[in-house]
Protein chains: 4
Amino acid sequence: MVVCLNPKTTKEDVDKIISYIKDMGLDVQVTEGQQSTILGLIGDTSKIDPNTLMMNVHVDKVMRVAEPFKKASRTFNPVDTVVKVGNAEIGNRKKFTVIAGPCSVENHDQIVEVAESVKNSGATLLRGGAFKPRTSPYSFQGLELEGLELLKEAKANTGLPIVTEIMSPKMVEKFESDVDIIQVGARNMQNFDLLKELGKASKPILLKRGLSATIEEWLMSAEYIMAGGNENVILCERGIRTFETYTRNTLDLSAIPAVKKLSHLPVVVDPSHSAGRRWMVEPLSLAAMAIGADGLIVEVHNCPEKALCDGAQSLDPKQFDDLMTKLRNMGKNLGIEV
Amino acid sequence: MVVCLNPKTTKEDVDKIISYIKDMGLDVQVTEGQQSTILGLIGDTSKIDPNTLMMNVHVDKVMRVAEPFKKASRTFNPVDTVVKVGNAEIGNRKKFTVIAGPCSVENHDQIVEVAESVKNSGATLLRGGAFKPRTSPYSFQGLELEGLELLKEAKANTGLPIVTEIMSPKMVEKFESDVDIIQVGARNMQNFDLLKELGKASKPILLKRGLSATIEEWLMSAEYIMAGGNENVILCERGIRTFETYTRNTLDLSAIPAVKKLSHLPVVVDPSHSAGRRWMVEPLSLAAMAIGADGLIVEVHNCPEKALCDGAQSLDPKQFDDLMTKLRNMGKNLGIEV
Amino acid sequence: MVVCLNPKTTKEDVDKIISYIKDMGLDVQVTEGQQSTILGLIGDTSKIDPNTLMMNVHVDKVMRVAEPFKKASRTFNPVDTVVKVGNAEIGNRKKFTVIAGPCSVENHDQIVEVAESVKNSGATLLRGGAFKPRTSPYSFQGLELEGLELLKEAKANTGLPIVTEIMSPKMVEKFESDVDIIQVGARNMQNFDLLKELGKASKPILLKRGLSATIEEWLMSAEYIMAGGNENVILCERGIRTFETYTRNTLDLSAIPAVKKLSHLPVVVDPSHSAGRRWMVEPLSLAAMAIGADGLIVEVHNCPEKALCDGAQSLDPKQFDDLMTKLRNMGKNLGIEV
Amino acid sequence: MVVCLNPKTTKEDVDKIISYIKDMGLDVQVTEGQQSTILGLIGDTSKIDPNTLMMNVHVDKVMRVAEPFKKASRTFNPVDTVVKVGNAEIGNRKKFTVIAGPCSVENHDQIVEVAESVKNSGATLLRGGAFKPRTSPYSFQGLELEGLELLKEAKANTGLPIVTEIMSPKMVEKFESDVDIIQVGARNMQNFDLLKELGKASKPILLKRGLSATIEEWLMSAEYIMAGGNENVILCERGIRTFETYTRNTLDLSAIPAVKKLSHLPVVVDPSHSAGRRWMVEPLSLAAMAIGADGLIVEVHNCPEKALCDGAQSLDPKQFDDLMTKLRNMGKNLGIEV
């Protein structure tokens, strides 16, 4: 960690700050610049909050040098993490995993039909919302526990493992028993209470990036789960909030190579929610594969025109099948199996 | 709600969409524009998710006309809500409420000293973090339940009601009994599970705006709490995430008159967290009063140089006392009592 | 265009507004919603500024239905524009155009060497900065006119047409005679005076998207050039400004399919400037092809470690050659020639 | 400037980088951290572009310590710059300058009437657009040279000095002779060619902040003008582009104390353009005074309902007079004369 002091800091004050830092068990190296003094902090700075140092009136800037995450860091864990669930090997660079299913679970026939359909097209995991995070309290909130049961029926019919979103720490036990991958939504990425509970779970966690989360904050949320003992975290890029309004959010595909550089964790892309426009799902999906993502989580609906929620971005089974064909075709030359 | 169809939509498809909308119990008025057909939806559209309509391939744009919130809306409730706690009347435009205290509760002496000090300077409520949302799992997470006890001791000593942050739905009962205003942090603004629990609580809720939440989404989160039965919601602007890095976040002071126009709920400003620089707290506080905020929530620390967290933005008691004097002085000409 | 009035607008005021709109030569259709009156404006609304309507105190919201651009619009011009320069056919979906070269032109040997090298690897156009837009007045501003001469020498040696940035309307004549494609930088995207001058030019314009420009504003800037008579505009996505700091800017790849939907103009991607990190150039380039871009503009330097500016993102000739091989390989299965 | 190297950089490579930096005439101090080596660059780093250093594959992060601006910096020039024009003293902390007038100059009577009216209410400078930057080429572009003549007539009638926007370097001479303060619009903040020309002018420059410009970039644009010899630069905050759509832009009032800390230049606020809603102008103006701005630039129109452009945000003369009364009232207690 590097600390820059204000140009006018007296020698006495510099010494006080140095001894304060040394009291935290760190070593300090001093550089006298033309305008100001720069302190290099040597030692384990992961517990230090840069804001704490900024509190000192003589401190002008603080820059982290070492990454604040450890278990999620590729520096300390160079080998790719591969999360195996059913036939999927998420993180295996030779395989591209497609998780597909409807936005919301609606009824037995719907979820079973979609599950069979996406399985036939090549998806290896089934997604479907039982508990739905909705901006409005008056919107449909999902079938909740009944939705979980329906997902289990679809799994029984198809063998596809289930991915679904958790919204409350109270549900962790239930999800542990019923679900194969527990999804944390973008709005809960920094629901630290929930992350801590999931750190004790044994099921893999699919952690969506928050709408305004930096890549570093996203990895720190993964670190929360991993620090609790659950190291099977799958990251999911789903678009960030920017000024652009043509798309619902801006899919940050640059985040994929960034995450691959910084971390050993697998990362998948959600092309459905970011764009909010169905015809964008295919080009975004192809780009996700080309840029090095480990897979996709895609919305597919058997009857898009009547979906209860979020239908704008759902492919119908035919469109999904076409997408899978294009992914397989593109994967061939890249040495990636879909 | 207004729905614009694609230029190429056939008469047949327009009719299908109209009958789909009528099935939802709404009336439709059709306008044939030069390029495209526009549908005006008449009736209660609050349950309709614009995204559901966007799912239809013929739909190009959807614009909400009526506000999606009701209980939080000034249109339906023109009279200002005033939340009375202790001597404070938050929302009374003739009074300016100052909530002050340390970022984190650290020990008995600290919190009692700060409480006495801010009370003497004119604060009417005490803030202090017991459960701390921290980006890193390795950072200090607060004294938790012990912190709550210390806050109660400070309240016993000074009579100042307590404002502190809740992080888990499991703690609602405990907070109901111990705390006077329950704070929801920016990161939990869309933790809908928590909001629903707080809707059942009887204590007022201080709802911070999320880092990337629009004003409408913020009011919808208030609506979640109010829809559950708890109508004592105090909004708190604390800065939004933008590209500017000089300040930690960008305090959106325009949101104050916007909220006052759209809603009857009180709104206070947190000048400490947004800037992340202590010397900005005073000018931001004065601007908050000038623009019409109902009060402030300010960090004050008795020994800023040694604070365990977030000290960068904490005033010391002397600086806080000066701020109160300036607010009182400015309030005189505006007819506002501090 | 749809105009929503405030709920409390009187019948008399509604009538005044309607007659005001009719005076502009438009027809109006009125929809009485539950809360408010909605006006549908019928006719040519392209000259109307929504802000002009917002001026009326009774107007609450204005939504454009028809696109504000015409010459750039695919609605009015469904056939893809293909810009032919040298061997390049930018906009031909079966060909992928790669424009390559150094950030800045530095001297004869440098630019000739790079030009030969990128030509051998398969680039069909040479880029190189002669006039450099620099944030600081103290930074190197480019070789200016001398740089243009050196570019011409490189063209004479290799036959590669030249793409370089213009910064002043005073230089249009010079660029017309010396340059093959005139580049408008992101910072000048709304330098309307320059755009108008370029509308009179005969050379194609490569128009970079502004850092905070919406897709619509970008197309409106293209419209400025086209309205002046120059219809050979090539759009270039180069990253937008967001809160994320790991990358210099956030490459908005979703903008590619969006532009293809809204406009018939070709669109290329600049993977070098957005990321600001050399190792990201390759994955971003592959994603650009996969998502449907018409080509790339890539920085290549013969001696990256000594570049005078922006070297962070420049590939060396070997890295560029590898990139071209990967693009060709990927293009095969997509039916795209590189 | 501080440079952090990648953890795996070899001793040999570190030495190469050090000698490269020394070749630039700088001294280097090396700190060996736990993970990586940190270099402190000592000397005049203002000409070094951090991106140049980032080009080196071993460089991981670069942090500027010294400010990149000099003439605009308070560090080097601690005394407030006061720009005197007519009766205005912009930058004098005891005086608050109000610049007022219509968005566009439309005709003789309009501009003279508004000028007289705002003068009577206490404005000391007249604003009015002759050359208008419009997103659409089909929108009214201003009366141009005729508009300049009309402004001069209004000045002749009222004695109010004129502030108006320049859009082309070709017009600098004309503006020099006709205008009292030359305004650079937000879209041209990084039109470096124009800034360089204005550096040679003798009239003060009002430099609006770009929609996505950081405070540092804004000050660097001021530095461009000052480096050319024109040190009378007045900064103008007018809102930045964020995700919030309720307001047209987000007025960044925190930028006022930030600029006052970093620079000696005066800074005024434009409350009209940022909000895009007339009823927000008053609260934003009061907040601007409270936070320490040197003045305002406000749109006032004698007949808002018929304005050709941007009327949404224009006050009528009565509303402007009320605003001036409130500013005077508030200024009293702050010791500021309006």
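1. Focus: the overall build of chain A
Logical step 1: If you tally the helices and strands in chain A, you get 11 helices and 14 strands.
Logical step 2: The dimensions of chain A, computed from C-alpha atoms along their principal axes, are 75 × 45 × 40 Å.
Logical step 3: Residues counted as buried form 67% of the 338 residues belonging to chain A.
Logical step 4: Long-range pairs, those at least 24 residues apart, make up 67% of the contacts in chain A with a sequence separation of at least 6.
Logical step 5: Total accessible area on chain A is roughly 10,900 Å²; 48% of this is exposed by carbon and sulfur atoms.
Logical step 6: Charged side chains of chain A number 40 positive and 44 negative; the gap between the two group centres comes to 2 Å.

2. A short note on the domain arrangement of chain A
Logical step 1: According to the domain assignment, chain A consists of domain 1 (2–63) and domain 2 (83–334).
Logical step 2: For domain 1 of chain A versus domain 2 of chain A, the separation of C-alpha centres amounts to 43 Å.

3. Some remarks on the interface of chain D and chain B
Logical step 1: Residue-level contacts link 35 residues of chain D with 35 residues of chain B.
Logical step 2: Carbon and sulfur atoms supply 70% of the area buried between chain D and chain B, which totals about 2,900 Å² over both sides.
Logical step 3: Of the charged contacts in the structure, one is a salt bridge between B:Glu244 and D:Arg209, with a shortest N-O distance of 2.7 Å.
Logical step 4: Scanning the region where chain D abuts chain B turns up 7 residue pairs in polar contact (both at pLDDT 80 or more).
Logical step 5: Elements that contribute at least two residues to the side of chain D that touches chain B include exactly α8 (255–262), α10 (281–291) and α11 (317–334) of chain D.
Logical step 6: In terms of residues, the side of chain D that touches chain B owes the most to one element, α10(D), which gives 6 residues.
Logical step 7: Partitioned by chemical class, the residues of the side of chain D that touches chain B number 21 nonpolar, 8 polar and 6 charged.

4. Remarks on the pattern of salt bridges
Logical step 1: According to the stated counting rule, one finds 84 salt bridges over all chains in the structure shown.
Logical step 2: The salt bridge partner of B:Asp270 is B:Lys208, with a shortest N-O separation of 2.7 Å. With B:Asp270 in the loop between β13 (267–269) and α9 (271–275) and B:Lys208 in strand β11 (residues 205–208), this residue pair connects regions lying 62 residues apart in the sequence. Residue B:Asp270 shares its accessibility class with B:Lys208, and that shared class is buried.
Logical step 3: In this structure, B:Asp252 engages B:Arg209 in a salt bridge whose closest nitrogen and oxygen atoms are separated by 3.0 Å. A residue pair is termed long-range when its members are at least 10 positions apart, and B:Asp252 in the loop between β12 (233–237) and α8 (255–262) and B:Arg209 in the loop between β11 and α7 (215–227) qualify at 43 residues.
Logical step 4: Residue class for B:Asp252 comes out buried when judged on its relative accessible area of 1%.
Logical step 5: Shared partners join several salt bridges into a network, and the residues in it are A:Glu149, A:Lys152, A:Lys174 and A:Asp178.

5. Considering the relation of the copies chain B and chain A
Logical step 1: Its rotation angle being 180°, the transformation that places chain B on chain A also includes 0.0 Å of axial translation and leaves an RMSD of 0.0 Å. Expressed as an axis order, the relation between the two copies is that of a two-fold axis. Looking at the rotation axis and the C-alpha trace of chain B, the residue lying nearest is B:Ser212, at 2.9 Å.
Logical step 2: When the interface residues of chain B are mapped onto chain A, 100% of them again lie at the interface, so the same face is used by both copies.

6. Some thoughts on the interface of chain B and chain A
Logical step 1: Chain B puts 55 residues into the contact, and the matching count from chain A is 56 residues.
Logical step 2: Counting each side, the surface lost to burial between chain B and chain A is near 4,700 Å², with a carbon and sulfur contribution of 49%.
Logical step 3: The tally of links between chain B and chain A comes to 4 salt bridges.
Logical step 4: Among the ionic pairs, B:Glu197 bridges to A:Lys170, the shortest N-O distance being 3.1 Å.
Logical step 5: For the pair chain B and chain A, the number of links is 21 residue pairs in polar contact (both at pLDDT 80 or more).
Logical step 6: Of all the secondary structure elements, the ones that give two or more residues to the side of chain B that touches chain A are α2 (50–54), α6 (192–199) and α7 of chain B.

7. A short note on the sheet that holds strand β11 (residues 205–208) of chain C
All names here are of chain C.
Logical step 1: As summarised here, the arrangement of the 8 strands in space is β7-β8-β9-β10-β11-β12-β13-β14, forming a closed barrel in which the pairing is parallel. Averaged over all pairs of adjacent strands, the angle between strand axes in this sheet comes to 30°, irrespective of strand direction.
Logical step 2: Relative to strand β10 (residues 181–184), strand β9 (residues 162–166) runs parallel, the two sharing 4 bridges. Paired with Thr164 across the bridge in β10 is Ile182.
Logical step 3: Packed on one face of the sheet, helix α6 (residues 192–199) meets β9, β10 and β11 and runs near 165° to β10.
Logical step 4: Where helix α11 (residues 317–334) meets the sheet, its contacts fall on β7 (97–101) and β14 (295–299), and the angle it forms with β7 comes to roughly 175°.

8. Some details on the pairing of strand β3 (residues 37–42) of chain A
Residues and elements named next belong to chain A.
Logical step 1: Of all 6 residues in β3, 6 are buried, a share of seventy percent or more.
Logical step 2: Every second residue of β3 is oriented toward a common face, with Thr37, Leu39 and Leu41 on one face and Ile38, Gly40 and Ile42 on the other, all of them buried.
Logical step 3: Pairing geometry for strand β1 (residues 2–5) and β3, over 3 bridges, is antiparallel. Paired with Cys4 across the bridge in β3 is Ile38.
Logical step 4: Between strand β2 (residues 27–32) and β3, which pair antiparallel and follow one another directly, the connecting turn spans 4 residues.

9. Some words on the relation of the copies chain D and chain B
Logical step 1: Between chain D and chain B, the superposition needs a rotation of 180° and an axial shift of 0.0 Å, giving an RMSD of 0.0 Å.
Logical step 2: With an isologous cut-off of 70% or more, the 100% of interface residues of chain D that recur at the interface of chain B puts this contact in the isologous class.

10. Description of the packing of helix α3 (residues 108–121) of chain A against helix α4 (residues 145–158) of chain A
Residue and element names in this part refer to chain A.
Logical step 1: Running from N to C, α3 and α4 point in directions that differ by 40°, and their axes come no closer than 9 Å. In terms of orientation, α3 lies oblique with respect to α4. The two elements α3 and α4 cross, and the hand of that crossing is right-handed. Taken together, the residues of α4 that come into contact with α3 (itself represented by His108, Ile111, Val112, Ala115, Glu116 and Lys119) are Leu150, Leu151, Glu153, Ala154, Asn157 and Thr158.
Logical step 2: Here the residues of the contact of α3 with α4 are counted per class, giving 6 nonpolar, 3 polar and 3 charged.

11. A few points about the packing of aromatic side chains
Logical step 1: Evaluated as defined, the whole model comprises 8 aromatic pairs over all chains.
Logical step 2: Residues C:Phe131 and C:Phe175 carry aromatic rings whose centres are separated by 5.9 Å and whose planes lie at 45° to one another, so their mutual orientation is tilted. A residue pair is termed long-range when its members are at least 10 positions apart, and C:Phe131 in the loop between β8 (125–127) and α4 (145–158) and C:Phe175 in helix α5 (residues 172–178) qualify at 44 residues.
Logical step 3: Above the ring of A:Tyr246, the side-chain terminus of A:Arg277 is found at 4.0 Å from the ring centroid.

12. Some words on the state of the cysteines
Working definition of a disulfide: a covalent bond connecting the sulfur atoms of two cysteines.
Logical step 1: Under the definition given, this model contains 0 disulfides over all chains.
Logical step 2: You can see B:Cys236 has no disulfide; the closest cysteine sulfur is in B:Cys103, sitting 14 Å from it.
Logical step 3: Under the relative-accessibility criterion, B:Cys236 is labelled buried at 0%.
Logical step 4: Cysteine C:Cys4 is unpaired, with the sulfur of B:Cys4 as its nearest cysteine sulfur at 10 Å.
Logical step 5: Classification of C:Cys4 by relative accessible area gives buried; the value is 1%.

13. Points about the sheet that holds strand β4 (residues 59–63) of chain D
Residues and elements named next belong to chain D.
Logical step 1: Here we have 4 strands laid out as an open sheet, ordered β2-β3-β1-β4, and antiparallel in their pairing. The two strands at the open ends of the sheet, each matched to only one other strand, are β2 (27–32) and β4. Geometrically, the sheet is characterised by an average inter-axis angle of 20° between neighbouring strands, direction not taken into account.

14. Side note on the environment of A:Val105
Residue and element names in this part refer to chain A.
Logical step 1: Mapped onto the fold, Val105 is located in the loop between β7 (97–101) and α3.
Logical step 2: What makes Val105 buried here is its relative accessible area of 0%.
Logical step 3: Placed 23 residues apart in sequence, Val105 and Gly128 show a C-alpha to C-alpha distance of 5.5 Å.
Logical step 4: Setting aside residues no more than four positions away along its own chain, Val105 makes contact with Gln110, Ile111, Gly128, Gly129, Leu143, Gly147, Leu150 and Leu151.

15. Quick look at unusual backbone geometry
Residue and element names in this part refer to chain A.
Logical step 1: In this model, Glu144 sits at a positive phi of 55°, which is unusual for a non-glycine residue.
Logical step 2: Assignment of secondary structure puts Glu144 in the loop between β8 (125–127) and α4.
Logical step 3: For Glu144, a relative accessible area of 32% puts it in the partly exposed group.

Thresholds applied
Residues numbered from 1 in each chain as written. Chains lettered and ligands numbered in written order. Predicted model: local features only at pLDDT ≥ 70, side-chain atom pairs only at ≥ 80, totals over all residues. Heavy atoms only, no water. Helix = DSSP H or I, 4+ residues; strand = E, 2+ residues; numbered from the N terminus. Buried < 20%, exposed > 50% of the residue type's maximum accessible area, 1.4 Å probe, protein only. Contact = heavy atoms within 4.5 Å. Areas by Shrake-Rupley, 256 points an atom, 1.4 Å probe, with all protein chains shown as cover. Lys, Arg positive; Asp, Glu negative; His and termini not counted. Charge placed at Lys NZ, Arg CZ, Asp CG, Glu CD. Domains from an automatic or database assignment. Buried area = accessible area lost by both parts, 1.4 Å probe. Salt bridge = Lys/Arg side-chain N within 4 Å of Asp/Glu carboxyl O. Polar contact = N/O pair within 3.5 Å; in protein donor to acceptor, adjacent residues only side chain to side chain. Nonpolar A, V, L, I, M, F, W, Y, C, P; charged D, E, K, R; others polar. Least-squares fit on C-alpha atoms with pLDDT ≥ 70 in both. Pairing = 2+ DSSP bridges. Axes fitted to C-alpha atoms, helices over the stretch in contact; angles between N-to-C directions. Parallel < 35°, antiparallel > 145°, perpendicular 65-115°, else oblique. Left-handed = near helix turned anticlockwise from the far one by under 90°. Phe/Tyr/Trp six-rings, centres within 6.5 Å; stacked < 30°, edge-to-face > 60°. Lys NZ or Arg CZ within 6 Å of the ring centre and 35° of its normal. Disulfide = S-S within 2.5 Å.

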